Structure formats: C-alpha cells, structure tokens
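Spelled out, the chains give:
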Number of protein chains: 4
Amino acid sequence: MSSDNMMDFYIENKIYYHDTDSGGVMYYGSYLEHLEEGRSGYCAYKGVDLLDLSRAGLIFPAVHLEIDYKNPARYGDVIRIFTDTDKIGNASISFIQEIRRGEISLAKAKTVWACVGIDMRPKRVPEDVKKALLSGRTESRP
Amino acid sequence: MSSDNMMDFYIENKIYYHDTDSGGVMYYGSYLEHLEEGRSGYCAYKGVDLLDLSRAGLIFPAVHLEIDYKNPARYGDVIRIFTDTDKIGNASISFIQEIRRGEISLAKAKTVWACVGIDMRPKRVPEDVKKALLSGRTESRP
Amino acid sequence: MSSDNMMDFYIENKIYYHDTDSGGVMYYGSYLEHLEEGRSGYCAYKGVDLLDLSRAGLIFPAVHLEIDYKNPARYGDVIRIFTDTDKIGNASISFIQEIRRGEISLAKAKTVWACVGIDMRPKRVPEDVKKALLSGRTESRP
Amino acid sequence: MSSDNMMDFYIENKIYYHDTDSGGVMYYGSYLEHLEEGRSGYCAYKGVDLLDLSRAGLIFPAVHLEIDYKNPARYGDVIRIFTDTDKIGNASISFIQEIRRGEISLAKAKTVWACVGIDMRPKRVPEDVKKALLSGRTESRP
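Here the structure is a predicted model, which means the values were calculated and not measured. (Residues numbered from 1 in each chain as written. Chains lettered and ligands numbered in written order. Predicted model: local features only at pLDDT ≥ 70, side-chain atom pairs only at ≥ 80, totals over all residues.)

## Quick notes on the overall build of chain A
What chain A contains, in helices and strands, is three helices and five strands. Secondary structure elements in chain A, listed N-terminal to C-terminal, are β-α-α-β-β-β-β-α. Taking 142 residues into account, the globule formula puts the C-alpha radius of gyration at 14 Å, and chain A, at 16 Å, falls close to it. Structurally, chain A occupies a C-alpha span of about 45 × 35 × 25 Å along its principal axes. Looking at chain A as a whole, 40% of its 142 residues qualify as buried. Looking at chain A alone, contacts between residues at least 24 apart form 69% of all its contacts between residues at least 6 apart. (Helix = DSSP H or I, 4+ residues; strand = E, 2+ residues; numbered from the N terminus. Rg over C-alpha atoms; globule rule 2.2 N^0.38 Å. Buried ≥ 20, exposed ≤ 12 C-beta atoms within 10 Å, placed from the backbone. Contact = placed C-beta atoms within 7 Å.)

## What about the relation of the copies chain A and chain D?
Mapping chain A onto chain D is achieved by rotating through 180° and translating by 0.0 Å along the same axis, at an RMSD of 0.0 Å. The operation mapping one copy onto its partner corresponds to a two-fold rotation axis. In terms of C-alpha distance to the rotation axis, chain A has Glu-66 of chain A as its closest residue, with the C-alpha 2.1 Å off the axis. Most of the interface of chain A is mirrored in chain D, where 100% of its interface residues are also at the interface. (Least-squares fit on C-alpha atoms with pLDDT ≥ 70 in both.)

## What to know about the relation of the copies chain C and chain D
Superposing chain C onto chain D takes a rotation of 180° plus a shift of 0.0 Å along the axis, which leaves an RMSD of 0.0 Å. Residue by residue, 100% of the interface of chain C is reproduced at the interface of chain D, so both copies engage with the same surface.

## Considerations on the interface of chain A and chain D
Between chain A and chain D, the residue contacts involve 16 residues of the former and 16 residues of the latter. Of all the secondary-structure elements, those providing two or more residues to the side of chain A that touches chain D are helix H1 (31–45) and strand E2 (62–69) of chain A. It is E2 of chain A that contributes the most residues to the side of chain A that touches chain D, eight residues altogether. Tallied by class, the residues present in the side of chain A that touches chain D amount to 10 nonpolar, three polar and three charged. Note: E2 of chain A against strand E2 (residues 62–69) of chain D, five bridges, orientation antiparallel. (Nonpolar A, V, L, I, M, F, W, Y, C, P; charged D, E, K, R; others polar. Pairing = 2+ DSSP bridges.)

## Overview of the interface of chain C and chain D
By a frequent convention, interface size equals the accessible area lost on bringing the separate parts together. Contacts between the two partners involve 11 residues from chain C and, on the opposite side, 11 residues from chain D. Among the residues forming the side of chain C that touches chain D, the class breakdown is three nonpolar, six polar and two charged.

## Observations regarding the sheet that holds strand E2 (residues 62–69) of chain B
With antiparallel pairing, 10 strands are arranged side by side in an open sheet as E1(B)-E3(B)-E4(B)-E5(B)-E2(B)-E2(C)-E5(C)-E4(C)-E3(C)-E1(C). Unpaired on one side and paired on the other, strand E1 (10–14) of chain B together with strand E1 (10–14) of chain C mark the two borders of the sheet. Sheet twist, expressed as the mean angle between neighbouring strand axes with direction ignored, is 20°. The pairing of E1 of chain B with strand E3 (residues 78–88) of chain B spans five bridges and is classified as antiparallel. If you follow Lys-14 of chain B over to E3 of chain B, its bridge partner there is Val-78 of chain B. Its contacts with the sheet put helix H3 (residues 127–134) of chain B on E3 and strand E4 (92–101) of chain B, and the angle it makes with E3 of chain B is roughly 130°. Running at roughly 65° to strand E3 (residues 78–88) of chain C, helix H1 (residues 31–45) of chain C makes contact with E1, strand E2 (62–69), E3, strand E4 (92–101) and strand E5 (104–114) of chain C of the sheet. (Axes fitted to C-alpha atoms, helices over the stretch in contact; angles between N-to-C directions.)

## A short note on the sheet that holds strand E1 (residues 10–14) of chain D
Spatially, 10 strands are ordered E1(A)-E3(A)-E4(A)-E5(A)-E2(A)-E2(D)-E5(D)-E4(D)-E3(D)-E1(D) in an open sheet, and the strand pairing comes out antiparallel. The strands lining the two open edges of the sheet, one partner per strand, are strand E1 (10–14) of chain A together with E1 of chain D. On average, each strand axis in the sheet is tilted by 20° relative to the strand beside it, whichever way the strands run. Here strand E3 (residues 78–88) of chain D runs beside strand E4 (residues 92–101) of chain D; their pairing, made up of eight bridges, is antiparallel. Looking at the pairing, Thr-85 of chain D lines up with Phe-95 of chain D of E4 of chain D. Here helix H1 (residues 31–45) of chain D sits on the sheet and contacts E1, E2, E3, E4 and strand E5 (104–114) of chain D; the angle it forms with E3 of chain D, its principal contact strand, is near 65°. Along the sheet face, helix H3 (residues 127–134) of chain D touches E3 and E4 of chain D and points at about 130° away from the line of E3 of chain D.

## Describing the nonpolar core
Within the largest apolar cluster, 148 residues are counted, with the highest numbers of intra-cluster contacts made by Tyr-31 of chain A, Tyr-31 of chain B, Tyr-31 of chain C together with Tyr-31 of chain D. Apart from the residues within four sequence positions on either side, Tyr-31 of chain C is in contact with Met-26, Ile-67, Ile-99 and Ala-107 of chain C. (Core = buried A, V, L, I, M, F, W, Y, C linked by C-beta atoms within 7 Å.)

## Observations regarding the confidence of the model for chain A
Detailed reading of the predicted coordinates is not advisable wherever pLDDT falls low. Mean pLDDT over chain A: 92, with 92% of residues reaching 70 or higher. Scored by ipTM, the complex comes to 0.92, with pTM at 0.94. (pLDDT = per-residue confidence, 0-100.)

## Quick look at unusual backbone geometry
Positive phi is not limited to glycine here, since Met-120 of chain B has a value of about 70°. Tracing the backbone through its elements, the reader meets Met-120 of chain B in the loop between strand E5 (104–114) and H3.

## Observations regarding the environment of Asp-68 of chain B
Its place among the elements puts Asp-68 of chain B in strand E2. Expressed as a C-alpha distance, the spacing of Asp-68 of chain B and Lys-110 of chain B, which sit 42 residues apart in the sequence, is 9.2 Å.

## A word on H1 of chain A
Residue and element names in this part refer to chain A. Taking 1.5 Å of rise per residue, 15 residues should cover 21 Å, and H1 covers 21 Å from first to last C-alpha, within 8% of that figure. Counting buried positions along H1 gives 11 out of 15 residues, so the element sits mostly inside the fold. For H1, the full list of buried residues reads Tyr-31, Leu-32, Glu-33, His-34, Leu-35, Glu-36, Gly-38, Arg-39, Ser-40, Tyr-42 and Cys-43. A positive backbone phi angle near 85° is found at Gly-47, which sits one or two residues after H1. (Expected span 1.5 Å × (residues − 1).)

## Some remarks on the pairing of E5 of chain B
Regular strands have side chains that alternate between both faces of the sheet. Residues and elements named next belong to chain B. Pairing geometry for E2 and E5, over seven bridges, is antiparallel. If you follow Leu-65 over to E5, its bridge partner there is Thr-111. Relative to E5, E4 runs antiparallel, the two sharing 10 bridges. Following the sheet pairing, Ser-92 is matched in E5 by Ala-114. The loop that links E4 with its antiparallel partner E5 comprises two residues; one of these, Gly-102, has a positive phi angle of about 60°.

## Side note on the environment of Ile-81 of chain B
Residues and elements named next belong to chain B. By the secondary structure assignment, Ile-81 is in strand E3. For Ile-81, a count of 26 C-beta atoms within 10 Å corresponds to the buried category. As for Ile-81 and Val-112, which are separated by 31 residues in sequence, their C-alpha atoms are 17 Å apart. The contacts of Ile-81, once residues within four sequence positions are left out, are Tyr-10, Ile-11, Asn-13, His-34, Leu-35, Glu-37, Gly-38, Gln-97 and Ile-99.

## Let's talk about the environment of Lys-131 of chain C
Residues and elements named next belong to chain C. Inspection of the secondary structure puts Lys-131 in helix H3 (residues 127–134). We classify Lys-131 as partly exposed; it has 13 C-beta atoms within 10 Å. For Lys-131 and Tyr-16, which are 115 residues apart along the polypeptide, the C-alpha to C-alpha distance reads 36 Å.

In structure tokens, the structure reads:
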C-alpha cells in the first residue's frame with residue numbers, strides 16, 4: 001500500500017478490553033471493527049448514507065481486504081482512523097485507511113467493496129455516490 | 001441460580017485469543033458466545049431447529065440474562081458448556097447453563113427468551129417445541 | 001433491578017454492523033461491550049483510573065452480571081449508556097447501567113466486580129476509590 | 001493469492017449468530033476468528049505449540065493479512081477452514097488458508113507473522129518449528 005499523507009478525515013476511538021486479547025495488545029481482528037467505524041464516519045462526512053443505499057437495494061459486500069500491522073495498540077490507547085476513497089470502479093469502491101496513535105502508524109489497510117443489487121449481481125456505483133466520495137480530492141496527484 | 005447437577009448435555013469448545021482480553025482471561029462478554037453455541041447444540045440435540053422456527057415466523061429475542069462468573073478461563077483451555085431447559089412459560093423459554101473446565105465450574109448462567117411473531121407480539125411456545133425441550137426430564141424433581 | 005432515574009452520566013455510542021447479528025438487531029453479547037465502555041467513561045469521569053489500579057496490583061474481575069433486554073437496538077442507532085455506582089462492599093463494587101435510544105429504554109444492567117490482588121485474593125476497595133465513586137450522590141435516598 | 005489445492009488439513013466450524021451481522025451474512029471481521037482457529041488447529045496438528053513458544057519468550061504478532069471474500073457464509077452454515085504453511089522466512093512465518101462450505105470457496109487468506117522476542121526484536125524461527133511446519137510437503141512444487 002502506498003503511503004498516503006493526504007488523508008485528512010478521521011474519527012477517534014478508544015481501545016477497550018473487548019478490543020484486546022491475552023497477548024496484551026489489540027486482537028488482529030478487532031482492527032476491522034475500527035476500520036468499519038472509520039469508513040462509516042467517512043461516508044457520512046461525504047454525505048453518503050450506506051443504510052439508505054441498502055434500503056434502495058444497493059449493498060456493498062467486502063471482496064478484498066489487506067492490512068499491514070505496524071505497531072500494536074493497547075488497552076487505553078486513543079487511536080485515530082483515517083479514511084479516504086482509493087478508487088471507484090464500475091461496480092466497486094475501494095478505500096484506504098490508516099490507524100494512528102499520535103504520530104505513530106499502527107496499521108494501514110485497503111478494502112474493496114462490490115456494488116451489487118439484492119440479487120447479488122453487479123450494479124454500477126451511482127453517480128452521486130461516486131461524486132460525493134471523490135469530492136475534495138486534488139485531481140492531479142503527481 | 002440453583003445448582004443443577006442433572007444437566008447432561010454439553011458441547012466442548014476451546015478458548016482462542018479472540019475470546020480473551022488483555023487482562024489475561026476470557027472477556028466477560030465472550031462467555032455469551034459460548035452460551036449461544038451451547039444452547040444451539042442443545043436445541044439441535046432435542047430436535048428443535050431455531051432457524052426453521054424463525055423461517056416460520058417465530059423468533060426468540062433475549063429478555064433476561066444473569067451470569068455468575070466463578071473462575072476465569074484462559075487461552076488454550078478446553079471448556080464444556082452444559083445446557084438444560086429451565087422452564088417454559090406461555091410465551092417464553094428459559095435455559096440454565098454451566099461452563100466447566102474439567103471439574104471446575106467457571107460460570108453459571110440463566111437466560112430467558114421471549115417467543116414472539118415477526119410483529120414482535122407474544123406467541124405461545126409451540127407444543128412440539130415444549131415437548132421436545134422438556135423430554136427426558138424427571139417429572140418429579142423434589 | 002430497580003429503576004433509577006437519577007443516573008446522569010452517560011456516553012453516546014453508535015451501533016455498527018459489528019454490533020449486530022443476522023436477526024437484524026444488536027447481538028445480546030454486544031451490549032456488554034457498550035456497558036464496558038460506559039463504565040470506563042464513568043470511572044474516568046469520577047477520577048478513577050482502572051488501568052492505574054491494575055498496575056498497582058488491584059484488579060476487578062466480573063463476578064455477576066444481570067441484564068434485562070427491553071427493546072432491540074439496530075444498525076445506525078445512536079445509544080446512550082448511563083452508568084452509576086450501585087454500591088460498594090468490602091471487596092466488591094457494583095454498577096447499575098441503562099442503555100437508551102432517545103427516551104426509550106433498551107436495556108438495564110447490573111454488574112458486580114470483585115476487588116482482588118494479583119494473587120486473586122479479596123482486597124478492600126481503596127478509600128479514595130470508594131469516595132470518588134460515591135461522590136455527588138444524595139446520601140438520603142428515600 | 002495462488003490457488004492451492006494441496007491443502008489437506010482443516011477444522012470444521014459452525015456459523016452462529018455471533019459471527020453474523022444485520023446484513024444477513026458473516027461479518028467481514030469474523031472470518032479472522034475462524035482463521036485463527038484454523039491456524040491454531042493446524043499448528044497443533046503439526047506438533048507446534050504456540051502457547052509453549054510464547055512461554056519460552058517467542059511471540060508471533062501479525063504483520064500482514066490479505067483476504068479475498070468470495071461467497072458469503074450464513075447463520076447455520078458448516079464451514080471448513082483449510083490451512084497450510086506458505087513459507088518460512090528468517091524471522092517470519094506465513095500461512096495460506098481457505099474457508100469452504102462444501103465445494104464452494106468462501107474466502108482465501110494469507111497471513112504473515114513476525115517471530116520476535118519479548119523485547120519485540122526479530123528472532124530466527126526455531127529449526128524444529130520450521131521443520132514441523134514444513135513436514136509432509138512435497139519438496140518440488142512446480
């Protein structure tokens with residue numbers, strides 16, 4: 001995953017016992033819950049309501065996830081989950097995310113979500129969703 | 001909760017990292033997942049298919065839970081989840097359960113489940129479900 | 001559990017997919033994670049640092065939980081977790097909690113925590129912890 | 001991830017409500033719990049005791065995970081988690097895994113684990129661990 005220093009949207013979460021395991025650090029699966037919360041906050045910030053979309057018959061099942069675990073999080077830590085749109089394909093959306101504690105990067109993740117109807121067949125990502133998620137981006141990244 | 005030495009049905013589970021927290025023991029909420037698995041196994045053993053019932057429009061939301069935590073479970077432990085029907089009311093079912101590691105009692109729990117339709121209004125527990133869950137019980141407990 | 005309209009401390013959480021199950025509502029075990037977050041926030045608000053206490057050799061394993069589930073929570077709901085000290089015994093602390101969505105009560109819970117040393121033997125609850133947790137309470141409840 | 005039809009070790013798990021979300025299928029994070037259980041079973045089968053290793057001061061934090069979600073799992077499904085060693089580096093181990101329901105592939109995953117001491121500095125994977133995890137493999141894969 002390429003580093004992305006341009007992500008500016010984040011939510012802030014605390015690490016509780018339910019996030020951790022007896023290895024003393026955050027469980028490797030618990031990161032995915034924080035990533036979900038980060039994407040949910042990001043989409044709301046961009047004006048995209050995933051719940052409304054699902055009511056309208058568009059759902060977004062996960063198709064791919066990759067995550068690099070860089071530093072452990074521990075009980076009591078305050079973390080920030082940064083999220084940005086990576087790219088939008090014909091029938092998929094991908095996000096890049098980073099979890100940080102202060103200046104320290106704890107994890108970087110990329111997720112890809114299919115855009116499908118309730119029949120589970122691919123659907124085109126609606127134009128307004130596409131526009132909303134790509135808004136505020138510098139068109140010409142070097 | 002009264003002790004119940006008559007429970008004979010159990011399932012056996014292992015404790016994994018995802019069950020534990022950084023206190024070094026099983027998280028207090030993770031017990032509820034093992035209790036779910038125990039009830040599910042018990043109902044299947046009694047010939048009651050909760051999924052079939054839900055498809056037929058009967059669902060069983062949790063209304064009450066109480067649990068006494070007696071001894072901690074740790075990563076790698078093999079536990080047994082014992083389950084029995086406690087009683088069946090007009091529109092509710094309650095189960096008693098115990099989690100043990102070998103001879104040691106780790107937790108005792110009682111859960112109460114409402115029997116409702118998809119409109120969330122109380123429904124009578126079907127006679128065959130009642131009969132199945134109460135089968136094999138000594139009628140005259142002292 | 002007696003109703004308690006005097007609880008005034010709360011934290012606010014959102015319900016995400018990771019809280020729910022395929023029954024369409026919050027999983028009965030996920031409430032315990034929100035209850036943990038509520039107690040953690042409450043203790044911090046009262047000036048009690050559980051992590052500091054654990055470093056000083058005092059830990060608080062769960063010994064009892066009871067919860068009445070009153071109304072389901074769903075994906076997207078914003079809930080408030082109210083917490084108050086119930087009572088403090090020689091070597092235990094109990095909390096009462098309520099989860100609400102707006103004016104609607106979703107669940108009421110009581111938890112009891114032992115106060116033990118790292119040898120797992122009962123320890124007296126420190127006076128300053130006792131004082132902090134009981135501060136601001138009307139002495140003479142009718 | 002390359003397909004791997006040679007994996008022959010698997011464990012069998014059932015999908016419970018605690019694995020699912022209100023989208024009606026297994027939560028994208030719950031796969032990681034089943035993957036943990038699969039690796040744990042696989043290591044035990046190969047004679048490698050992760051708990052013993054951690055007591056001896058060797059721990060294996062996650063450094064990378066990638067997973068392709070191919071088909072949803074639902075409540076009541078019986079799944080098989082296949083696991084094999086992918087490769088063993090100087091101070092890391094990687095596993096490949098596949099989750100199947102009958103003949104249908106639900107997910108394929110690769111995880112990479114660092115081998116570190118309690119000081120979190122890289123340690124060489126012990127020779128007997130390496131030998132055990134690579135045992136039974138055809139040396140000459142094309």
